[in-house]
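As a plain string of letters, each chain reads:
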Amino acid sequence: MRAHGVGRKVGLAAMVAALWAMPAVAQLDDIPTSLVREREILNATQRGQIQAFVAAHAPGLTSQEASVRNQARTSLRRPLMDNDVSVSFRIGYSAELTPKLREAVRSGNREAAIAALLLAGELATAEAAQLAAGELANADPILRYQAAYAIGLTLHTAAKRSPAMTPAQCESLITAVGQRVKFIPGVTGTADEADPVVAGNPSAPVALNPAQEETDPWVLDRLMRSLAAAMEGENPSFESVRSKATRVLCAKTIVRMRTEPATKLDAMTLEVLLRGAQTVERSFNTAVHDDKTQRLAIALGADSLAFVARHFFALPEDDERRQLLSRLSNAAENIVVWVRGLMENRRPESMGITAALTSGNERTFRERLEQLIGRDGLLMRAPYNLGPERFR
């Protein structure tokens, strides 16, 4: 992956903030609140109101004048900001607005495309989500970033607010995001949730496929954040979505650790891997994971500790990447401790691996790690059975 400066990150954030800045405007041509909150199937009159509203404001998205574009974005976004926006309204609004957003994305105007993608994300419907998913492979990294961000908005809305998407549609979106992190040919069902380290073939897959997978670290980070967004919420009907997102995040973080060559291990790469591990770590405070998820999580923890062991002591003591690797070690060890406690029905206990690392005691660090993932280590035995070939 390419190294990028802080200025790139600030630029992306500033662009999003600028696009969503909402100037004080008169509430003209608004859709009635009663329509935005309508729970029943929309009638012909209500659909006509939506059609007229979209027709009045959508053309401004592709204007050459920034003020006109800003006004159009503000107006079109306003109904979606109602805390009580209904599923019926989302679906009706999406039917009229998404085709206009597609036109804006394909207009060749970057600012218009960004605004359209973000509106698609906040619509949070299957049709709008597919528009965003289709831009994950756009040649422009700025638009890929916004597409990933839009999907995160959709998954967050589905998890926390009024879900106008079914769990199956959300899971399909998770698969699309995961495929950009690491591509699996012909992926179906739960294939993208499986441990990517094949028994007896621990090095595969390693090659990065630039044609199918994200190479820009800032976009990759946003993809990871979008997977994390799908792990939120408490809606019982979306439990399968949260579980899939957790397992996909585990699997894709594992495989990216094995994809990135040590010669190109920059700080941003480590930030992305750290985000994946820390998100899984935090999930144990808010979710009850099933056996399949626990096993994949402990594999992530073990692989992360092995990753740290390969790189930490090869770096100069004042290298900023050492601090990132220490944090990765801490998150990984916590995951292992949590899963051991659950699977062995025991009180979680620290193994002191990260403590040895941060104190600079390489010998103790490696001895304690060997007890965990060495040939006769704890995780080689039942109920874990990770297999020593995994850590060669």
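Remember, predicted model here, so these are calculated numbers, not experimental data.

What the rule picks out here adds up to one cavity of 30 Å³ or more. In this structure, the largest cavity encloses a volume near 50 Å³. Forming the boundary of the largest cavity are I254, M257, R258, D303, A306, R310, R390 and F391. Sorting the residues of the lining of the largest cavity by element identifies α11 (239-259) and α13 (291-311) as the ones contributing at least two each. In the lining of the largest cavity, the residues fall into four nonpolar, no polar and four charged.

All chains considered together, the criterion is met by four aromatic pairs. Taking 6.3 Å as the distance between ring centres and 50° as the angle between the ring planes, the aromatic pair formed by F53 and Y93 counts as tilted. With F53 in helix α3 (residues 44-57) and Y93 in helix α5 (residues 87-105), the pair connects residues that are 40 residues apart, well separated along the chain. Neither residue differs from the other here; F53 and Y93 are each classed as buried. Ring centres of F312 and F313 lie 4.9 Å apart, and the angle between their planes is 80°; this geometry places the pair in the edge-to-face category. By relative accessible area, F312 is classed as buried at 4%. Through pairs of rings, three or more aromatic residues link up here, namely F53, F89 and Y93.

Once that is clear, we can look at the side chain of R247. Tracing the backbone through its elements, the reader meets R247 in helix α11. Taking relative accessible area as the criterion, R247 reaches 10% and is therefore assigned buried. Setting aside residues up to four positions removed in sequence, R247 forms contacts with E193, D290, K292, T293 and L296.

A few words on helix α12 (residues 267-283). Helix length check: α12, at 17 residues, gives a terminal C-alpha distance of 24 Å against a target of 24 Å (1.5 Å per residue), a fit within 8%. Extensive coverage of α12 is indicated by the burial of 14 of its 17 residues. A side-chain oxygen of the first residue of α12 lies 3.1 Å from the backbone nitrogen of M268; this N-cap is D266.

Attention now moves to the nonpolar core. One finds Y93, L101, F365, I373 and L379 to be the most contacted residues of the largest nonpolar core, which totals 116 residues. Counting residues per element, this core draws most heavily on α13, at 11 residues.

Our focus in this paragraph is the packing of helix α6 (residues 110-123) against helix α7 (residues 126-133). Between α6 and α7, the least distance of the axes is 8 Å, while the angle of their chain directions is 140°. The crossing of α6 and α7 is left-handed. Within the contact between the two elements, α6 uses L117, A120 and L123 and α7 uses A128, L131 and A132. In the contact of α6 with α7, the residues fall into six nonpolar, no polar and no charged.

This part is about the pattern of salt bridges. For the coordinates displayed, the defined rule picks out 25 salt bridges. Between R390 and D195 there is a salt bridge; the shortest N-O distance is 2.7 Å. Taken together, the residues span a long stretch of sequence, with R390 in the segment after α16 (362-373) and D195 in the loop between α9 (167-181) and α10 (217-229) at a distance of 195 residues. Given the relative accessible area of 5%, R390 is considered buried.

Another point: the confidence of the model for the protein. Residues of the protein with pLDDT of at least 70 account for 89%, and the chain-wide mean is 88. The low-confidence segment residues 17-28 (pLDDT under 50) makes 16 contacts with residues lying over four places distant or belonging to another chain.

α12 packs onto α11 with a crossing angle of 150° between their chain directions and a minimal axis gap of 10 Å. Viewed along their axes, α11 and α12 adopt a mutual orientation that is roughly antiparallel. In the crossing of α11 with α12, the sense of the turn from one axis to the other is left-handed. Here α11 contributes L249, C250, T253, R256 and M257 to the contact with α12, which in turn contributes L273, G276, A277, T279 and V280. Looking at the contact of α11 with α12 residue by residue, the class counts come to six nonpolar, three polar and one charged.

Cut-offs and rules
- Residues numbered from 1 in each chain as written.
- Predicted model: local features only at pLDDT ≥ 70, side-chain atom pairs only at ≥ 80, totals over all residues.
- Heavy atoms only, no water.
- 1 Å grid on protein atoms, 1.4 Å probe; cavity = no way out; pocket = protein on both sides within 12 Å on 5 of 7 lines; lining within 4 Å.
- Points joined across faces, edges and corners; volume = space filled by probe spheres on them.
- Helix = DSSP H or I, 4+ residues; strand = E, 2+ residues; numbered from the N terminus.
- Nonpolar A, V, L, I, M, F, W, Y, C, P; charged D, E, K, R; others polar.
- Phe/Tyr/Trp six-rings, centres within 6.5 Å; stacked < 30°, edge-to-face > 60°.
- Buried < 20%, exposed > 50% of the residue type's maximum accessible area, 1.4 Å probe, protein only.
- Contact = heavy atoms within 4.5 Å.
- Expected span 1.5 Å × (residues − 1).
- Polar contact = N/O pair within 3.5 Å; in protein donor to acceptor, adjacent residues only side chain to side chain.
- Core = buried A, V, L, I, M, F, W, Y, C linked by side-chain atoms within 4.5 Å.
- Axes fitted to C-alpha atoms, helices over the stretch in contact; angles between N-to-C directions.
- Left-handed = near helix turned anticlockwise from the far one by under 90°.
- Salt bridge = Lys/Arg side-chain N within 4 Å of Asp/Glu carboxyl O.
- pLDDT = per-residue confidence, 0-100.
- Parallel < 35°, antiparallel > 145°, perpendicular 65-115°, else oblique.

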